[in-house]
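Examination of the molecular architecture
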Amino acid sequence: GAIAMTRKHTHSLASILLLLGVAGLAFGQTSPWTIRVQQGQNIQDLSSGGTINMNAGAVGLSTAATLSFTYTGTSTTVNFVDVQYTGALDFSYTGLPSPTTNIEPNTPIGMTITFRPTTRDKVYGKLVVTYNEGKTNVPVTINLAGTAPDFAFGYTPQGGNATLLAPGGLITLPAVAL
């Protein structure tokens, strides 16, 4: 199974933005963030409480999702308060600005979430970002789900090292008798 971890950061404003746009504001208010997720050629907008599904080609192969957060509110000061991650160690994230970064309206901020599975089990993670706009602290949540295929094909060339065959990859075989 997956190994669980808990990480707490006090310097990740972009994480706040990430979760802010995905989960929305409390009390049914409309979130002042838009979040766009790109995985390969696929692009989607996340809404409140959204889940990013990440599918790796095989155990040990990484896949990434790039998130773009844009603050669409009117406040000139948005402060990061806290980021908490719980879940499988298979997920990591990078690209977050420090808490002293001033977030300008309508200026995108990027973040990358990477999934590198250590097992074929479906694993989960959750980022909870708390930000402050005005005098109110608001938590925002992004759910993560990751899978690796149940079957992966590899080959060992004569005299070579075992090699994992990438999705869509081809193996050219010499003439063989079956």
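Conventions used here
Residues numbered from 1 in each chain as written. Predicted model: local features only at pLDDT ≥ 70, side-chain atom pairs only at ≥ 80, totals over all residues. Heavy atoms only, no water. Helix = DSSP H or I, 4+ residues; strand = E, 2+ residues; numbered from the N terminus. Buried < 20%, exposed > 50% of the residue type's maximum accessible area, 1.4 Å probe, protein only. Contact = heavy atoms within 4.5 Å. Areas by Shrake-Rupley, 256 points an atom, 1.4 Å probe, with all protein chains shown as cover. pLDDT = per-residue confidence, 0-100. Pairing = 2+ DSSP bridges. Axes fitted to C-alpha atoms, helices over the stretch in contact; angles between N-to-C directions. Core = buried A, V, L, I, M, F, W, Y, C linked by side-chain atoms within 4.5 Å. Salt bridge = Lys/Arg side-chain N within 4 Å of Asp/Glu carboxyl O. Polar contact = N/O pair within 3.5 Å; in protein donor to acceptor, adjacent residues only side chain to side chain.

A count of helical and extended segments in the protein gives one helix and twelve strands. From first element to last, N terminus to C terminus, the protein shows the α and β order β-α-β-β-β-β-β-β-β-β-β-β-β. Counting only residues that meet the buried cut, the protein has 38% of its 178 residues in that class. Excluding contacts between residues fewer than 6 apart, the proportion of contacts in the protein whose partners are at least 24 apart in sequence is 74%. For the protein, the exposed surface amounts to about 9,900 Å²; the carbon and sulfur share of it is 52%.

Attention now moves to the confidence of the model for the protein. When pLDDT is averaged along the protein, the result is 75, and 67% of the positions lie at 70 or above. Confidence drops under a pLDDT of 50 for residues 1-28, and excluding neighbours within four residues, the segment shows 129 contacts in the predicted structure.

Read across the sheet, five strands follow the order β3-β2-β5-β8-β7 without closing on themselves; strand pairing throughout is antiparallel. Each edge of the sheet is formed by a strand with only one pairing partner; in this case those strands are β3 (42-46) and β7 (91-94). Neighbouring strand axes in the sheet, compared pairwise and without regard to direction, differ in orientation by 25° on average. Bridge analysis of strand β2 (residues 33-39) against strand β5 (residues 63-71) gives six bridges, and the strand direction is antiparallel. Along β5, the bridge assignment pairs Arg36 with Ser68.

A few words now on the nonpolar core. Core analysis: the largest hydrophobic core is formed by 31 residues, its most contacted members being Ile52, Leu67, Phe91, Ile113 and Leu127. When contributions to this core are tallied by element, the ones reaching two or more residues are β2, β4 (51-55), β5, β6 (78-88), β7, β8 (109-115), β9 (123-133) and β10 (136-147). The element best represented in this core is β6, accounting for five residues.

When the charged atoms of two side chains lie near each other, side chains of opposite charge can form a pair. Counted according to the given criterion, the structure contains one salt bridge. The residue Arg36 makes a salt bridge to Asp45 at a minimum N-O spacing of 2.9 Å. Relative accessible area serves as the criterion here: at 43%, Arg36 is assigned to the partly exposed category. Residue Asp45 is classed as exposed on the basis of its relative accessible area, which comes to 52%.

With that settled, the discussion passes to the pairing of β10. Bridge count between β4 and β10: five bridges; the pairing is parallel. Along β10, the bridge assignment pairs Ile52 with Leu144. Two elements, β9 and β10, share eleven bridges in a ladder whose sense is antiparallel. When the bridges of β10 are listed, Thr130 appears paired with Pro139.

When you line up the elements, Thr119 lands in the loop between β8 and β9. At 3.3 Å, the side chain of Thr119 and the backbone nitrogen of Asp121 are in polar contact. Leaving out residues up to four positions away in the same chain, Thr119 has contacts with Val59, Asp90 and Ala148.

Moving on to the side chain of Gln39. Structurally, the position occupied by Gln39 is in strand β2. A polar atom in the side chain of Gln39 sits 3.3 Å from the backbone oxygen of Asn53. Setting aside its immediate chain neighbours within four residues, Gln39 contacts Ile52, Asn53, Met54, Ala64 and Ala65.

Here Thr130 is to be found in strand β9. Sequence-wise, Thr130 and Val83 are 47 residues apart; in three dimensions their C-alpha atoms are separated by 6.2 Å.

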